[in-house]
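Below, each chain spelled out in residue letters.
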Amino acid sequence: MKLGFVSDSLGSLPLDPVLNHAQRMGVSGIEVNTCGWSTAPHFRLSSMLGNREAQKRFMGAFEERGLEIISLNANGNPLHPTDPTQGEGLKDTIRVAGEIGIRTVCTMSGLPAGSASDSMPNWVVSSWPPETRTILKYQWEEKLIPFWTEIAALAKQNGVERIALELHGNQCVYNVPSLLKLREAVGPVVGANLDPSHLFWMGADPLAAAEALGEAVYHVHAKDTMLNPPVQATTSLLENGSLMNIPARSWSYITLGFGHGEEWWRQFCYRLKMAGYDGWLSIEHEDVLLNSLEGLEMSVALLQGVMPSAPADFKPQDI
């Protein structure tokens, strides 16, 4: 496996200091945010598309430091019912990825409205009342599958081999069954960006998810979640309080090791290897209590101590 981080983890810094920190910390690459819910401070999508000189300058900044571009990340809602720019941003990200030879694009599946007359995304998390079944049928059959059929064709046209969907709340694809359902419908260009932090707060087990997804794991975000049992006891894990108020929340995104310790992350890396994954671990730092650089450094140090990086070579002796 190889270690890197998401560029927005140091979103307050210009690109050159971000790359210098990456080189100093000994990581191998950076995943670059391009649009959507990110202001994309390090990558101007509109000026990169079709601009070979801008692309060469951008890639050269990585190459001169011995760093790779892990993937491009269009982390928005490409099926937003009233904001088409998010879907167009994903399409342009795929086009730019093809132009610069990046084979993996990370994104979300998207979340449409609940019907043709709605104007807000609608996430169904229960099978009752009965209208929820009508909503899901509309979202999947009329919006999600047609859109991703189109995206799969666009990816093939541009040489993008893997679209890694983050299993994220408030998206149609948020767990193992929904990822496999979409993958079956549109083909193997779609796989999972396995981020344990979201599975933690939704009550799933990332270790079991890695095994269940197997070859469908295309990318991994290394992000931790702290569960807060005293608050959870009265509010549940269906939390809609401010992300900035960690003491009041039943769960919060947190620096690696502060929610789940080194032993858990060691097991996670090993389970990924068992599932056949030998790709990137891309740290996504979103801890609002710690300094971003300090938290990122802590996360890098933890993973450097537990992740396998050399190829396996042991076999029993012939006796």
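Structure: above.
Residues numbered from 1 in each chain as written. Predicted model: local features only at pLDDT ≥ 70, side-chain atom pairs only at ≥ 80, totals over all residues. Heavy atoms only, no water.

1. Some points on the pattern of salt bridges
Following the criterion strictly, the structure yields 14 salt bridges and no others. A salt bridge links Glu68 to Lys2; the shortest N-O distance between them is 2.8 Å. Taken together, the residues Glu68 in strand β3 (residues 68-75) and Lys2 in strand β1 (residues 2-6) connect sequence positions 66 residues apart. Where Arg24 meets Glu297, a salt bridge forms, and the shortest distance between an N and an O atom there is 2.8 Å. With a gap of 273 residues between them, Arg24 in helix α1 (residues 15-25) and Glu297 in helix α11 (residues 292-306) connect regions that are remote in the sequence. Given the relative accessible area of 49%, Arg24 is considered partly exposed. Residue class for Glu297 comes out partly exposed when judged on its relative accessible area of 28%. (Salt bridge = Lys/Arg side-chain N within 4 Å of Asp/Glu carboxyl O. Helix = DSSP H or I, 4+ residues; strand = E, 2+ residues; numbered from the N terminus. Buried < 20%, exposed > 50% of the residue type's maximum accessible area, 1.4 Å probe, protein only.)

2. Remarks on the environment of Leu302
Within the secondary structure, Leu302 sits in helix α11. Assessed through its relative accessible area of 13%, Leu302 is described here as buried. Separated by 40 residues in the primary sequence, Leu302 and Glu262 place their C-alpha atoms 6.7 Å from one another.

3. A look at the sheet that holds strand β6 (residues 190-194)
Remark on secondary structure: sheet strands pair via backbone hydrogen bonds, oriented parallel or antiparallel. If you walk around this closed barrel you meet the eight strands as β1-β2-β3-β4-β5-β6-β7-β10, and the pairing is parallel. Strand-to-strand twist of the sheet, defined as the mean angle between neighbouring strand axes without regard to direction, takes the value 30°. With three bridges connecting them, strand β7 (residues 217-222) and strand β10 (residues 280-283) associate as parallel partners. The partner of Val220 across the bridge, within β10, is Leu281. (Pairing = 2+ DSSP bridges. Axes fitted to C-alpha atoms, helices over the stretch in contact; angles between N-to-C directions.)

4. A few points about a nonpolar patch on the surface
Nonpolar side chains collect at one region of the surface, where Met244, Val288 and Leu289 lie side by side and expose about 310 Å² of accessible area between them. Along the chain, Val288 falls in the loop between β10 and α11. (Patch = residues over 30% accessible without salt bridge, like charges linked within 9 Å, V, L, I, M, F, W, Y side chains within 5 Å. Areas by Shrake-Rupley, 256 points an atom, 1.4 Å probe, with all protein chains shown as cover.)

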